[in-house]
Amino acid sequence: MKDRFDDWLAARSPRERILLAVLASCLAAYFFYAVLLAPAVNGRAAAAAALPGKARQLAVMQAQAQDAQRLRPRASRSVPSGDGLRDALQAALVARAIAGGEVSSGSDGVRVQLKNVAFGQFVGWLDDVRLQYRVRLAEAQFTTFDDPDRPGRVDVNATLRPAGAP
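A short tour of the structure in this document, coming up. (Residues numbered from 1 in each chain as written. Predicted model: local features only at pLDDT ≥ 70, side-chain atom pairs only at ≥ 80, totals over all residues. Heavy atoms only, no water.)

## Considering the packing of helix α3 (residues 83–95) against helix α4 (residues 119–133)
Consideration 1: The N-to-C vectors of α3 and α4 enclose an angle of 140°; their axes lie 11 Å apart at closest approach. Here α3 is positioned oblique relative to α4, judged by the angle of their axes. Crossing of α3 against α4: the hand is right-handed. From α3, Leu85, Ala88, Leu89, Ala92 and Leu93 reach across to α4, where they touch Trp125, Val129 and Tyr133.
Consideration 2: Grouping the constituent residues of the contact of α3 with α4 by class yields eight nonpolar, no polar and no charged. (Axes fitted to C-alpha atoms, helices over the stretch in contact; angles between N-to-C directions. Helix = DSSP H or I, 4+ residues; strand = E, 2+ residues; numbered from the N terminus. Parallel < 35°, antiparallel > 145°, perpendicular 65-115°, else oblique. Left-handed = near helix turned anticlockwise from the far one by under 90°. Contact = heavy atoms within 4.5 Å. Nonpolar A, V, L, I, M, F, W, Y, C, P; charged D, E, K, R; others polar.)

Here is the structure:
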């Protein structure tokens, strides 16, 4: 094959050979740029543009790791159960100034019955005890009032269970 190429090249005039050499060097320069140089330059520019965003993400992740380390002792504390949970939920109702509530413990969890309470106030209390005592709302029944003088007021009958309980 090399002999055939040499014969073909020898059949060309000196001017055609120079033109072919120039063409071959232009093609070689183009492939060098397209395959090696352009991806490196574009990749460097893209990496430089993405670097500030990655630095912000790193700072956020480091702050989250510090928060997790700071909150670790809180996660290891014991959570009340049974009558202790009932007493803790009753105290949380008093702390939130929710009056007229009955809290009783049973085999299926802690039952909370509230009369004429603001729905938003109940939801705030529920969120607090969910975070503080690791309980979940197992079931709830709400009775609303048709009285326009008491908008957003409900009677609540709810059962709360420890988060790990079925």
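Now that the structure has been shown, we can carry on.
## Here we look at the pattern of salt bridges
A side chain of one charge can pair with a side chain of the opposite charge if their charged atoms are brought near each other.
Consideration 1: By the definition in use, this model includes three salt bridges.
Consideration 2: Of the charged contacts in the structure, one is a salt bridge between Asp6 and Lys2, with a shortest N-O distance of 3.2 Å. Of this pair, Asp6 and Lys2 are both found in helix α1 (residues 2–10), four residues apart, which corresponds to roughly one turn of the helix.
Consideration 3: In this structure, Asp127 engages Arg130 in a salt bridge whose closest nitrogen and oxygen atoms are separated by 2.7 Å. In this pair, Asp127 and Arg130 both sit in helix α4, three residues apart, roughly one turn of the helix.
Consideration 4: Its relative accessible area of 34% is what places Asp127 among the partly exposed residues. (Salt bridge = Lys/Arg side-chain N within 4 Å of Asp/Glu carboxyl O. Buried < 20%, exposed > 50% of the residue type's maximum accessible area, 1.4 Å probe, protein only.)

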